[in-house]
Structure formats: structure tokens, C-alpha cells
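# Close look at the chain arrangement
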Amino acid sequence: MPEPIHTPDGDLHVSPRYLAGLSGDADPSFEPVAHWPHYHLDEGECQLVIASPDHRIKIGWFGDDYDVWQISAAKDAASAATWTARINQNTPPELVYGLTSALAAEYDAESETFLKSSSYRWTDAVQPLLDAGWERQPLARGLVNVVSPDNLAGATIDVVNSDPADAVTLWAGPPGWGTRAEFVFSARTPKHLIAATAAEFVNPAPVVREARNFPRRLAQLATLVPVPQVPTARSGALTGRRNAGAGGIPRPASVPGSPAGRRR
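Presented here is a report on the structure given in the accompanying data block.

About the criteria used
Residue indices follow the written sequence of each chain, beginning from 1 at its first position. Two thresholds apply to this predicted model, a pLDDT of at least 70 for residue-level local features and 80 or more for giving and counting side-chain atom pairs, whereas whole-chain, interface and lining totals are computed over all residues. Heavy atoms from the whole structure form the basis of all side-chain values; hydrogens and water molecules are not counted. By definition, any uninterrupted DSSP run of H or I lasting at least four residues is a helix, any uninterrupted run of E lasting at least two residues is a strand, and each is numbered from the N terminus. Working definition: with a 1.4 Å probe on protein chains only, accessible area under 20% of the residue-type maximum means buried, over 50% means exposed, and in between means partly exposed. Every residue pair with non-hydrogen atoms within 4.5 Å of one another is taken to be in contact. Each accessible area value is a Shrake-Rupley result obtained with a 1.4 Å probe; residue values ignore everything except the protein chains displayed when judging cover. Definitions used throughout: a 1 Å grid over protein atoms alone; a cavity as a set of points that fits a 1.4 Å probe which cannot get out; a pocket as an open set with protein on both sides within 12 Å along at least five of seven lines; a lining residue as one with an atom within 4 Å of a point. Grid points are joined across faces, edges and corners, and a volume is the space filled by probe spheres set on the points. Just so you know the grouping, Ala, Val, Leu, Ile, Met, Phe, Trp, Tyr, Cys and Pro go in nonpolar, Asp, Glu, Lys and Arg go in charged, and all remaining residues, Gly too, go in polar. To estimate how far a helix should extend, the number of its residues minus one is multiplied by 1.5 Å. Any two strands between which DSSP finds at least two bridges are classified as paired. Only C-alpha atoms enter the line fits that serve as axes; for helices the fit covers just the stretch in contact. Angles between N-to-C directions range over 0 to 180 degrees. The definition of a nonpolar core used throughout is a set of buried Ala, Val, Leu, Ile, Met, Phe, Trp, Tyr and Cys residues joined through side-chain atoms within 4.5 Å. Patch construction takes residues with relative accessible area above 30% that form no salt bridge. Like charges are linked within 9 Å, and nonpolar side chains (Val, Leu, Ile, Met, Phe, Trp, Tyr) are linked within 5 Å. Throughout this description, the term salt bridge denotes a Lys or Arg side-chain nitrogen within 4 Å of a carboxyl oxygen of Asp or Glu.

## Observations concerning the overall build of the protein
For the protein, the count of helices and strands is five helices and 13 strands. Buried residues in the protein amount to 50% of all 264 residues. Put simply, of all contacts in the protein between residues at least 6 apart along the chain, 60% involve residues at least 24 apart. Accessible area for the protein stands at about 12,300 Å²; split by element, carbon and sulfur atoms hold 53% of it.

Okay, structure coming up:
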């Protein structure tokens, strides 16, 4: 477990959001699919599966594992996954929200847009990063890297191999088990879904974290601004800010089926 910073109890606004780490509060990554069927599992590493009504999209929560979220899509409930995304335990759920909200918006019983890319250009997967001024570095060993101005986040794209399991990796934070956040997308992941995820990396809105649980190494790199304390009579307003999801969207303290608080 990363060593927390030693500050008085309270909430912090953290920016850039890609350095915020995993929150201990309610999890906004599951908000867009809160109405989908939930399957709580009592045995094995996977604790929760949220599936689309036809089971073509599956979102697995592995609360004790390195890859906390594992997301896949298939042409039907019984087929092998067309693409997969693995998301590790250091990733802010506000970034995962970008992917789950895109899936929820596109899904219906007749849709296949979440299975196929309409583009063959690798740049379309990371266009939000390029638009925000992130630097494209020269091709090296078959990989293209796009790096943030602070060099603390980026994207790595395999432009040589035809079907790698790690075709696109979005990352943030310094190397290390307790600090590096990663999304790893397989080759056939639709580029617009990767772009929806990348867009949350450059969302300028800060996210809220508890000071007492914030990792020291990330605290040394992120911008931290205390959330003003409010009188007890207005504690509900503070709760609303703490439960702000991606882009400041209010979220309930407990999303139905949310794994928040279940991670051991």
C-alpha cells in the first residue's frame, strides 16, 4: 500500500486528474451501467460482473488483483471477446468513467458500434491528447509514444504488430506498483472508445480525494488544493462535492452493485 501523506483530515481537489489514484469513495466508473444486470460472485478473483442485457459487454471488477477492471465486448454472449481492456489498481475511476459512459451510450440490442472501429488511423485513438498539446514522439521499436507536457502521462501505440494484446496503453504516474496507472487495450478495440477514455485524461476538472489516504509519491507530483470546510449545518453540500464524479457530476454515495468499499 502506498504511504499516505500526513495532513489533517479533509478533502483535496487533485489535478491533473490522472494523478489522483484509486478513490475510496463511491465509484463513478459504474454509474453509466448501474441499470445493467449485476452478478456478485462469492468465489474466485472476480468479485462482480456487470453485463449488458444481452451479455455482449462485460465489466469485471477484481478488487484484490492488479487489473482491477477487466472489460470486454463480443459479438454474442457465447463468443470469444472481440476486444478487451485491462485497467489496473492505480487508475482513477473518473478516467474509467470515460470508457463505461461511452459503452452505455452506444449500447442497444441492435448496435455493433462498440465492436468495430470506423477508422484505421492510430491517431484517432489518442486525438484528444494531441488536441490538448501532448507531444508525439518519433517511432521507436514499432511503438509511437504520445506524452503529456509534464511527462507524467502518455499513450503507447503499437503500429507494427497486427493483433497485439496491448495495442494501445494509456498510462499515468511514475513507474511502480503503487503509482503507475494503466489502461491496456487489445488491437481490435474501437478507436473511438479509446479516445473517449483519453478525453478524461485531459479533462481539466479536478477530482476529490481524502487527504489522509492520498499516496505520498503522487502528492509530490500533483497539485493539491484543500476543499474548503463548511459548517455542520451544510455538511450535505460537502458530501455532494465529495461524491462528484467525472467532470464534477454528482454521484450517489452508493451506486447499485458498486464495488466501492468492497476492495480488501
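## A word on the layout of surface pockets
Here the second largest pocket is characterised by a volume of approximately 420 Å³. Looking at the second largest pocket, it is lined by 22 residues, and the ones nearest its centre are Ser-117, Ala-187, Arg-188, Thr-189 and Lys-191. Residues of the lining of the second largest pocket, tallied by class, amount to 11 nonpolar, six polar and five charged.

## Notes on helix α1 (residues 93-106)
For α1, with 14 residues, the first-to-last C-alpha span of 20 Å sits near the 20 Å given by 1.5 Å per residue. Every buried residue belonging to α1 is among Pro-93, Glu-94, Leu-95, Val-96, Tyr-97, Gly-98, Leu-99, Thr-100, Ala-102, Leu-103 and Glu-106, and all of these are buried.

## Some points on the sheet that holds strand β3 (residues 48-51)
Strand pairs in the sheet, formed through backbone hydrogen bonds, run parallel or antiparallel to each other. Taken in spatial order, the 10 strands make up an open sheet running β2-β3-β4-β5-β6-β11-β10-β9-β8-β7, and their pairing is antiparallel. Bordering the open sheet on either side are β2 (38-40) and β7 (135-136), each of which pairs with just one other strand. Sheet topology note: the strand β5 (residues 67-73)/strand β6 (residues 83-88) ladder contains six bridges and is antiparallel. Paired with Asp-67 across the strands is Asn-88, a residue of β6. Its contacts with the sheet put α1 on β4 (57-61), β5, β6 and β11 (181-185), and the angle it makes with β5 is roughly 15°.

## Some words on the nonpolar core
Ranked by size, the top nonpolar core spans 56 residues in total, and within it Tyr-18, Val-126, Leu-129, Leu-170 and Phe-201 carry the most contacts. Each residue touching Val-126, except ones within four places of it in the same chain, is listed here: Val-146, Ala-155, Ile-157 and Leu-170.

## Observations regarding a nonpolar patch on the surface
A cluster of nonpolar side chains, contributed by Leu-139, Val-159 and Val-160, occupies part of the molecular surface with about 270 Å² of accessible area. On the basis of relative accessibility, which here comes to 56%, the residue Val-160 falls in the exposed class.

## A word on the sheet that holds strand β12 (residues 207-210)
Strand order in the open sheet formed by three strands is β12-β1-β13, and the pairing between neighbours is antiparallel. The sheet terminates laterally at β12 and β13 (223-226), the two strands that pair on one side only. Each neighbouring strand pair of the sheet contributes to a mean axis angle of 40°, computed without reference to strand direction. In this sheet, β12 lies alongside strand β1 (residues 11-15) in antiparallel orientation, the contact comprising four bridges. Residue Asp-11 lies in a different strand from β12, and its bridge partner there is Glu-210.

## Description of the pairing of β5
Counting buried positions along β5 yields six of seven residues, so the element is predominantly enclosed. The sheet contact formed by β4 and β5 spans five bridges and is antiparallel. Across the sheet, residue Trp-61 finds its bridge partner in β5, namely Trp-69.

## Quick word on the pattern of salt bridges
Opposite charge on two side chains makes pairing possible when the charged atoms of those side chains draw close. By the definition in use, this model includes seven salt bridges. Residue Asp-54 pairs with Arg-56 through a salt bridge whose shortest N-O separation is 2.7 Å. According to the relative accessible area criterion, Arg-56 is buried, its value standing at 7%.

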